[in-house]
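# Architecture and fold: a report
Listed below are the residues making up each chain.
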Amino acid sequence: MTATRRSVVRSDFAPGRWLGRVTAFLIAGFFAVFFVLPLVWLLLAPTKDTAQLNGFHGEASLSFGSFEQLVANWNELVGFQDGRIWTWLGNSVFYAGVALVLTLLVSIPAGYALAKTNFRFRRAILISTLMVMLIPNTALVLPVFLEINAVHLVGSPLAVILPFAFFPFGVYLAYIYFSTSVSRELLDAARIDGAGEFAVFRRIALPLAIPVVALVGFFNFVTNWNNYFLPFVMLPGSKTQPIQVGLVELLANVREINPTTVASDSIPFPQLALATLISVAPVLIVFLFSQRFLVAGLTAGATKE
Amino acid sequence: MPTAAPTKKRQWAPLRLRRRPRTGANAQAFAAYVFSSGYVLLLLVFGVLPMVYALYLSFTKSGQFVGLDNYVKAVGDFRFLPAVQHVAAFLVIWVVTLTVLATLLALIVHAMRVRWLSSTARFLFFIPGAFAGAASVMLWLFLLNPSVSPVSFVLKWFGYTNFVQAIDLNNLPLIFTVIAFWTGAGAWIIIMYAALHNISNEIMEAARCDGASAIKTAWYIQLPLIRKWIAYMVVISVAVGTQLFAEPKILAQASRNQIPKHYSLNQLAYVTAFGPQADFNSSAAISMMLLVVAAGLAAFFVFRGGLFDRD
């Protein structure tokens, strides 16, 4: 087997093939740089002051400033309106956190019911779930706002938490998981042993579903943490905003962009870069350490057995 | 698993049956209603009801049915057509770029024989996804600013010496494409890769034995076999692209309003509701038009796409 394959590979050794391979590597390499370079720049920018960032003294744009400057930038950023950035981060944790718990509480059992039971509205629920899942989040923001406005809930944390907790993709993931990975025989065995429906779910199905619970949790958290449009529309006050909306508010305090900014509140570019980094830090950590999970979720439909 | 537990339960079984009259299929259906009730409530309140309410608002004015008036007004707005053109220009560039490049990169990464190289490449392509939303636009504000950008030489090639020149109105569709590609392409490359990976080894082996080149294999075998996934990518990208909001919103703020606040359709719907007009009805009409496009694409896919027929 290996011998034949090796001979095939050797016969590949033609100039044309090599040219193709080199081109392919160059393309992949170019895009690797394209995807990574901005990240490297963003990691380095907060270690500089404005003059260094602009390269006024010939600093390369991908050079490291100093830890002292990083600390100084951090202190100044935290000093912006008495630690407003902490308020924003706290809000993000609160909104995304409560929504995460609610999402898991409603979508895992729903996915289980859809996968393992035939009941009257099953098909209707399934089709509407798929439909809403494929409709982009942003398409529903203004309609949801109009509705929330009609019941006078604009500005309330519920106005973001409840829409965040509505996560059809999570139900879809749970549905796929339960239909493929948990056998009906196993559940029936528990039933024969006298377990009631709720015991079957809690003692048999749920322990088996830990991977999909984590998966739905990750996706829900990442989606909600990064959501900009919905909280921007729902929460008008600066103190109630999550970090993503706060980040854009910082932009209004950058002197280069808005010359009318009050000097004491002014945000220089290195601090804005630091704020950008902080605003995605939790999601970035999830991405770095749970890549396998995220990939499993993305490809949940692509790899059919 | 200890065997003692089940026997213990067996003793209790008759008791339970007597206590609860629902058995078998009935009990299961009852449980299913309970299990799905929380989600169904959210689905109704935050999925169905907003659409119905927006539909209602779009056909009424102060509670009176006015037919298509709100739609006529929204479409007749002098800002409507430019917004459609902006979104259309972005969509064309974005969808073509994404489809070609994401598929090409997936093919290349899939063809890599060295495992760690392939997985590292996918990982690197994917990380920017963490910046989806406002953060990616913020980052690109820096990258498009010749005085701080690490690629200022590229900007200077094109003759841009300051930020305001770089984000010229005519450049925006391309800029949004670059931002969207930077943040979103990695996820699509991973999906395409998984689809390619799913093609059976025998088929690929057969092609190799027949002496097909990598390009011919890709064109005649791999691409036709993953066409459903490519279609999925196109449909979803069109749906997402029509909703353009955060990118022009943030760029408008950064450009000292060189970019209008009603650049995209979603922005127009937003300023119609929140601006001086405070016209929720026309805003709902624009939202409904956007929603019909998104729902139409979604429905087409659910019923015709063939990716979701597990049922």
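Bear in mind that the values here come from a model prediction, so they are computed numbers and not experimental data.

### Focus on the overall build of chain A
Helix and strand content of chain A: 16 helices and 0 strands. Here the C-alpha coordinates of chain A stretch approximately 75 × 70 × 35 Å along the principal axes. Each of the 305 residues in chain A was classed as buried or not, and the buried ones make up 45%. Residue pairs at least 24 apart in sequence account for 73% of intrachain contacts in chain A once pairs closer than 6 positions are excluded.

### Quick notes on the overall build of chain B
When helices and strands are tallied, chain B shows 15 helices and 2 strands. Taking 2.2 N^0.38 as the reference for a compact globule, 311 residues should give roughly 19 Å; the C-alpha atoms of chain B span a radius of gyration of 26 Å, well beyond that estimate. Across its three principal axes, chain B shows a C-alpha extent of roughly 80 × 70 × 35 Å. Residues classed as buried in chain B amount to 44% of the 311 residues present.

### Describing the confidence of the model for chain A
Segments scoring low in pLDDT should not have their predicted coordinates read at a detailed level. The share of residues in chain A with pLDDT of 70 or more is 92%, and the mean pLDDT across the chain is 87. Below pLDDT 50 for its whole length, residues 1–11 of chain A participates in 1 contact with residues either more than four positions away or in separate chains.

### Section: the interface of chain A and chain B
Across the boundary between the two partners, chain A contributes 84 residues, which contact 94 residues of chain B. Broken down by element, the side of chain A that touches chain B gets its largest block of residues, 13 residues, from helix α2 (residues 15–44) of chain A. The class makeup of the residues in the side of chain A that touches chain B is 62 nonpolar, 19 polar and 3 charged.

### Quick look at the domain arrangement of chain B
Residue and element names in this part refer to chain B. By domain assignment, chain B separates into domain 1 (22–58) and domain 2 (72–304). Here domain 1 and domain 2 have C-alpha centroids that lie 33 Å from each other. Tallying the contact residues gives 5 residues for domain 1 and 7 residues for domain 2. Per-class residue counts for the side of domain 1 that touches domain 2 are 4 nonpolar, 1 polar and no charged.

### Observations regarding the domain arrangement of chain A
Many authors give the size of an interface as the accessible area that is lost as the parts come together. Residue and element names in this part refer to chain A. Segmentation of chain A into domains returns domain 1 (2–73) and domain 2 (80–298). Computed from C-alpha coordinates alone, the two centres of domain 1 and domain 2 are separated by 32 Å. Facing the 8 residues of domain 1 at the interface are 8 residues of domain 2. Tallied by class, residues from the side of domain 1 that touches domain 2 come to 4 nonpolar, 2 polar and 2 charged.

### Digging into unusual backbone geometry
In this structure, D82 of chain A takes a positive phi of about 55 degrees despite not being glycine. Here D82 of chain A lies in the loop between α4 (67–79) and α5 (84–116). Of note, the phi angle at S62 of chain B is positive, near 50 degrees, even though the residue is not glycine. Among the secondary structure elements, S62 of chain B is positioned in the loop between β1 (60–61) and β2 (64–65). The class for S62 of chain B is exposed, based on 6 C-beta atoms found within 10 Å.

### Quick look at the environment of L68 of chain B
Residues and elements named next belong to chain B. Inspection of the secondary structure assignment puts L68 in the loop between β2 and α3 (69–76). The class of L68 is exposed, set by 12 C-beta atoms lying within 10 Å. In this structure, the C-alpha to C-alpha distance between L68 and L144, residues 76 residues apart in sequence, is 43 Å.

Cut-offs applied
Residues numbered from 1 in each chain as written. Chains lettered and ligands numbered in written order. Predicted model: local features only at pLDDT ≥ 70, side-chain atom pairs only at ≥ 80, totals over all residues. Helix = DSSP H or I, 4+ residues; strand = E, 2+ residues; numbered from the N terminus. Buried ≥ 20, exposed ≤ 12 C-beta atoms within 10 Å, placed from the backbone. Contact = placed C-beta atoms within 7 Å. Rg over C-alpha atoms; globule rule 2.2 N^0.38 Å. pLDDT = per-residue confidence, 0-100. Nonpolar A, V, L, I, M, F, W, Y, C, P; charged D, E, K, R; others polar. Domains from an automatic or database assignment.

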